[in-house]
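# Architecture at a glance
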Amino acid sequence: MIHYKMSRREFIEKSAQCAAFAAAGAALPGLFCESARAGRRFPDIVVSEGMPGPATRGAVRAIGGMERFVKRGVRVVIKPNISFPNPPDMGSTTHPEVIRELAALCREAGAASVLILDNPLRDSELCLERSGLKTACGNLPETGVRVLDNERFFEKVDVPEGKDLTSTRIMKQVLAADVLIAAPVAKSHSATGVSLAMKGMMGLIHNRWEFHVNMDLNTAIVDLCTVLRPHLTVIDASRILSTGGPGGPGKVIPLNKIIASTDMVAADAMAVELGTWYGKTFRARQVKHIRLAHERGLGHMDIENQVIQEVFV
Amino acid sequence: MRFQRLIQIPVFILFLVLLGFAAYPLPAWFEVDVFLRLDPLIALGSMAAARAFIPRLAWALIIIVPALILGRFFCGYVCPMGVTIDFSDRIIRRGGKKHGQNAFENVGRFRYLKYLFLAGLAGTALLGISSVFLFSPLSLITRFYALMIHPLALMIVNAFLDVFRPVFPAVGLESLSFVTYKVPYFNTNLFVAVLIVGIFLLALVQPRFWCRNLCPAGAILALFGRKPLFRRRVSEACNGCGRCVRACPMAAIGEDFVTTAHSECIFCLKCRDVCPEHAVSFGITGKRHPPQPEIDLGRRKVVGAGLAGVAAAALTMTNLHHIHGGETPRALRSSRLIRPPGALPEPAFQARCVRCGECMKGCLTNTLQPVWFEAGISGLWTPKITARLAGCEQNCNICGHLCPTGAIRPLDMEEKKHAKVGTARIIKTRCIAWEQDRTCLICDEICPYNAISNQFAAGHRVTVPVIDENRCNGCGYCENKCPVTGEAAVIVEPLGELRLATESYLEKARKRGLVYQARGGVEDHFILDTPREKGKRKPIPLAEEEKREEISLPPGFILDE
């Protein structure tokens, strides 16, 4: 496992370098990006430790900076998990600081608009209010926070690679967006083991229930992820809901970590292996939908073969 | 604009605004059910039927006491039913006979009815049955606006938004392009409509027919306002043209144009405004007149009406579905009748509930629905939790705070979370996990109280949902979200509900061993790791060959090879 720790000084130096490279990369697009990829300029997975807000910023910087994903004038959609009207300390929703930091980073990178979208399980407005997201992000400039559950905001999309799920209705704003950022919270889930970035994509569609009734849930999640592939995944593992997920109440374990990756499967895998679930540790391949996604080539669950960078802020 | 309208219309708008504010979250600056509490009939009728002083209803004194001075000013200036009838009268009577409507031989014909209704109401209250909901103007009109007009208005607003949705981003109103209102559903709404529209149509007989002849709240005020200090007076200048008589919406002016039935006068001042000689004025001096023409209201009629009320109450009490008092509900009680959290024990609940619809209008999830005859005849239009439509939101307690009569107790959030309304039960033959070995478990996922867990069970390849009844609050989210078509595979029944008149739900729940973990950070192990406490349900035993290593895994995880 390629695994190296960085000191704070080293981190600052490296980030400066990265920023320089990124700036240069912006100037000389084709040439530099190729070499950057070839030289593994950016790690596959970043694990950033610290308070939710700063750790998010550190994680995004280490993965290549928001400029790597968000070009000037693009429309960004951020998908948090605010399915339940629970306060952040219950661990069932993404920490509002994480979302606020991501939205700020997008704007700093020049995004034309940032939309924070979810279709919660419980009453939408209550979820927005009690998750703390409304307070944290409600008044940011050029940033919208919306909970959408009405059918008119969704559009039917085919899932060509789908095995069980062949079509579904997805939020129009997501389809129109240039960049999609998944920002789930790391939590247990009574049907799928864990609920992370992949499971979280179910919050962007209209009919979730058919996943349970007419399909194999794990297969359908992977099917959905073939059409909803976030450009960046940032998992909030500042605390994990280790038991009683997805809604809680359950055991909340503080980890003070934020995971970032361009590979949603790798990010999910990292979160599984970092955490303790129901008092035990698990390998990512023990979570069925992560394993299926890996087998179908959506990403890499074998984190031992990935370049992981740890940062401390 | 006439003086009456200058007061009446703003007050009516205030009524509508307060009804609009009857939604989550409730405003802290005002009590939005205040109009209902002003209704003297709701106050006196509910207290009589419930045999209790209801402090919230003391607001009605604001109306009753000044009636001694100002008579029926409430009817003309405050009552939203009065404004609505004024408005509907205009539409219904348009083009109809406008003159001669107050011909003296007819005006008094029905006027006594309101006193008889009042006597009948007293008769039903004598047996502890409330019929306030059929006759209270505030209950009728709040129900009309809450359950009929409110959804229709939202549909119109949505249609408007839909038309302009593509335009909003272009004019800088991007946020509006996401706005859409959830249009609530209401059971029995057509019948609510039939009753109220029927009352409006009585305008074909006489203007303000309801207020003149039927309204028992008006009757109470008329009794208090027989000799008001402030009253109509006519000077010598009167030449007997009779315009005032034709203009009077209440037919309160006598044959001689001078005498006034003060108990009928609502101070609309129309008679003053139409008088060409300026002979009519209102003030605190002037002769007191008896009602004109005299109302023929014999003792015999009143007693008869009272007895009719008693008989009607007795009939509802002998209806098969009537829920009598006592600790144990009757066996015939509907297993789907789930009352809102904090609802009083059923007889007291029905005695107080005026079916105004405030709780249903305010209900965050629209789960509260008016019932038909599920709770007997006397339970018509009382609210129930309709879990298949929506769950009762854990973090919402507004129904109790909206209830004008305290039929639903105003509980704080911690108390409300312990006010168990029923218990969920899995119908295994309908459940796709139990019956078809499918990975579903939505009920477990959604349960806000963590009362449903997945367990391995003998003969099942996937984990199946199991309910811990001591954690179940009966909120019904499981029933609502259950993905099977038609009746859910997990349903809430009233078994184990807590209906407390005064005690603390928190303490009662503790005594019963109910555990509602409403806060985070609590220990909650995977169900197989922890043996249940003594006396609680044990995990379902597995056959020997089924005791694979896999069952030591939490649900959703698979074995590592």
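Given the structure is predicted, the values throughout are model-derived calculations rather than measurements.

In terms of helices and strands, chain B carries 24 helices and eight strands. Across the 561 residues of chain B, 48% fall into the buried class. Of the contacts formed within chain B by residues at least 6 apart in sequence, a portion of 75% connects residues at least 24 apart.

Next up on the list: the overall build of chain A. When helices and strands are counted, chain A shows 12 helices and 13 strands. Residues classed as buried in chain A amount to 59% of the 313 residues present. At a minimum sequence separation of 6, the contacts of chain A that also span at least 24 residues come to 72%.

Here we come to the confidence of the model for chain A. Residues and elements named next belong to chain A. Residues at a pLDDT of 70 or more form 87% of chain A, whose mean pLDDT is 88. Considering each helix and strand of chain A separately, the mean pLDDT is smallest for helix α2 (residues 29–38), with a value of 43, and largest for strand β8 (residues 179–183), with 97. Residue range residues 25–40 is modelled with pLDDT below 50. Its contacts to residues more than four positions away, or to other chains, number eight contacts.

Here we come to the interface of chain A and chain B. Counting residues at the interface gives 42 residues for chain A and 36 residues for chain B. Elements supplying a minimum of two residues to the side of chain A that touches chain B: α5 (124–130), β5 (143–147) and α9 (209–213) of chain A. Ranked by residues supplied to the side of chain A that touches chain B, first place goes to α9(A) with three residues. Split into classes, the residues belonging to the side of chain A that touches chain B amount to 16 nonpolar, 16 polar and 10 charged.

How big an interface is tends to be reported as the loss of accessible area on association of its parts. Residue and element names in this part refer to chain B. Domain parsing of chain B yields domain 1 (3–225) and domain 2 (322–422 + 494–516). Computed from C-alpha coordinates alone, the two centres of domain 1 and domain 2 are separated by 25 Å. Across the contact, 34 residues belong to domain 1 and 28 residues belong to domain 2. Mapped onto the side of domain 1 that touches domain 2, the elements with two or more residues apiece are α2 (34–38), α3 (40–50), α9 (132–135) and α10 (137–164). The biggest single contributor to the side of domain 1 that touches domain 2 is α10, with seven residues. Partitioning the side of domain 1 that touches domain 2 into residue classes produces 21 nonpolar, nine polar and four charged.

General note: in soluble globular proteins, nonpolar side chains tend to be found buried as a group. Judged by nonpolar contacts, the single largest core of 250 residues is most densely connected at A:A59, A:V234 and A:I259. Here this core spans two domains, and each of domain 1 (3–225) and domain 2 (322–422 + 494–516) of chain B adds at least three residues to it. If sequence neighbours within four positions are ignored, A:I259 has contacts with A:I45, A:V46, A:V47, A:A59, A:I235, A:A237, A:A267, A:M270 and A:A271.

So, on to the confidence of the model for chain B. Residues and elements named next belong to chain B. Scored by pLDDT, chain B comes out at a mean of 86, with 88% of its residues at no less than 70. A low-confidence stretch, residues 518–538 stays under pLDDT 50, and its non-local contacts, those more than four residues away or across chains, total 39 contacts. Predicted complex, confidence summary: ipTM 0.75, pTM 0.85.

Residue and element names in this part refer to chain A. Most of strand β3 (residues 75–80) sits out of view: five of its six residues are buried. Here β3 runs beside strand β4 (residues 113–118); their pairing, made up of four bridges, is parallel. Within β4, the position partnered with V76 by the bridge is V114. Running through helix α4 (residues 96–108), the crossover from β3 to the neighbouring parallel element β4 is right-handed. The sheet contact formed by β3 and β8 spans five bridges and is parallel. For V76, the partnering residue across the bridge sits in β8 and is V179.

A cis geometry characterises the amide bond from A:G245 onward to A:P246, with omega recorded as 10°. Cis rather than trans, the peptide bond between B:Y24 and B:P25 has omega equal to -10°. Here B:P25 lies in the loop between α1 (3–21) and α2. Here the phi dihedral of B:N450 falls at roughly 55°; this positive angle occurs in a residue that is not glycine. Residue placement: B:N450 occurs in the loop between α22 (442–446) and β6 (452–455). On the neighbour-count criterion, B:N450 (23 C-beta atoms within 10 Å) is buried.

What follows deals with α10(B). Residue and element names in this part refer to chain B. Here α10 contains 28 residues, and its C-alpha end-to-end distance of 38 Å stays within 8% of the 40 Å for a straight helix at 1.5 Å per residue. Of all the bends in α10, the greatest reaches close to 40° and is centred on I149; the proline P151 follows between one and four positions later. Restricting attention to buried positions, one finds in α10 the residues P137, L138, S139, L140, I141, T142, R143, F144, A146, L147 and H150.

In a pair of packed helices, the angle between the axes and the distance between the axes together describe the arrangement. Residue and element names in this part refer to chain A. Contact geometry for helix α3 (residues 52–62) and α4: axes closest at 8 Å, N-to-C directions at 45°. Classed by the angle they form, the pair α3 and α4 counts as oblique. Considering how the two elements wind past one another, α3 and α4 form a crossing that is right-handed. Between α3, through P52, G53, T56, R57 and V60, and α4, the contact on the second element is made entirely by E97, V98, R100, E101, L102 and L105. Grouping the amino acids of the contact of α3 with α4 by side-chain chemistry returns five nonpolar, two polar and four charged.

Residue and element names in this part refer to chain B. With their axes 7 Å apart at the nearest point, helix α8 (residues 113–126) and helix α16 (residues 299–317) run at an angle of 40° to one another. On the basis of their axis angle, the class for α8 and α16 is oblique. When you trace α8 past α16, the crossing you get is right-handed. Together, Y115, L116, A119, G120, L121, A122, G123, T124 and L126 of α8 and K301, V302, A305, G306, L307, A308, G309, V310, A312 and A313 of α16 make up the contact between the two elements. In the contact of α8 with α16, the residues fall into 13 nonpolar, five polar and one charged.

With that out of the way, let us pick up α16(B). Residue and element names in this part refer to chain B. Over its 19 residues, α16 extends 27 Å from the first C-alpha to the last, a length consistent with the 27 Å expected when each residue adds 1.5 Å. Of the residues making up α16, those classed as buried are A305, G309 and A313. Taken down its axis, α16 places every buried residue within 80° of arc, on the same side. Opposite the packed face of α16, turned more than 90 degrees from it, sit the exposed residues R299, R300 and V303. Close packing links the buried residues of α16 with α8.

What counts, and at which threshold
- Residues numbered from 1 in each chain as written.
- Chains lettered and ligands numbered in written order.
- Predicted model: local features only at pLDDT ≥ 70, side-chain atom pairs only at ≥ 80, totals over all residues.
- Helix = DSSP H or I, 4+ residues; strand = E, 2+ residues; numbered from the N terminus.
- Buried ≥ 20, exposed ≤ 12 C-beta atoms within 10 Å, placed from the backbone.
- Contact = placed C-beta atoms within 7 Å.
- pLDDT = per-residue confidence, 0-100.
- Nonpolar A, V, L, I, M, F, W, Y, C, P; charged D, E, K, R; others polar.
- Domains from an automatic or database assignment.
- Core = buried A, V, L, I, M, F, W, Y, C linked by C-beta atoms within 7 Å.
- Pairing = 2+ DSSP bridges.
- Right-handed = clockwise from strand over helix to strand, strands pointing away.
- Expected span 1.5 Å × (residues − 1).
- Bend = angle between axes of the 7 residues up to and from the residue.
- Axes fitted to C-alpha atoms, helices over the stretch in contact; angles between N-to-C directions.
- Parallel < 35°, antiparallel > 145°, perpendicular 65-115°, else oblique.
- Left-handed = near helix turned anticlockwise from the far one by under 90°.
- Arc of directions from axis to C-beta.

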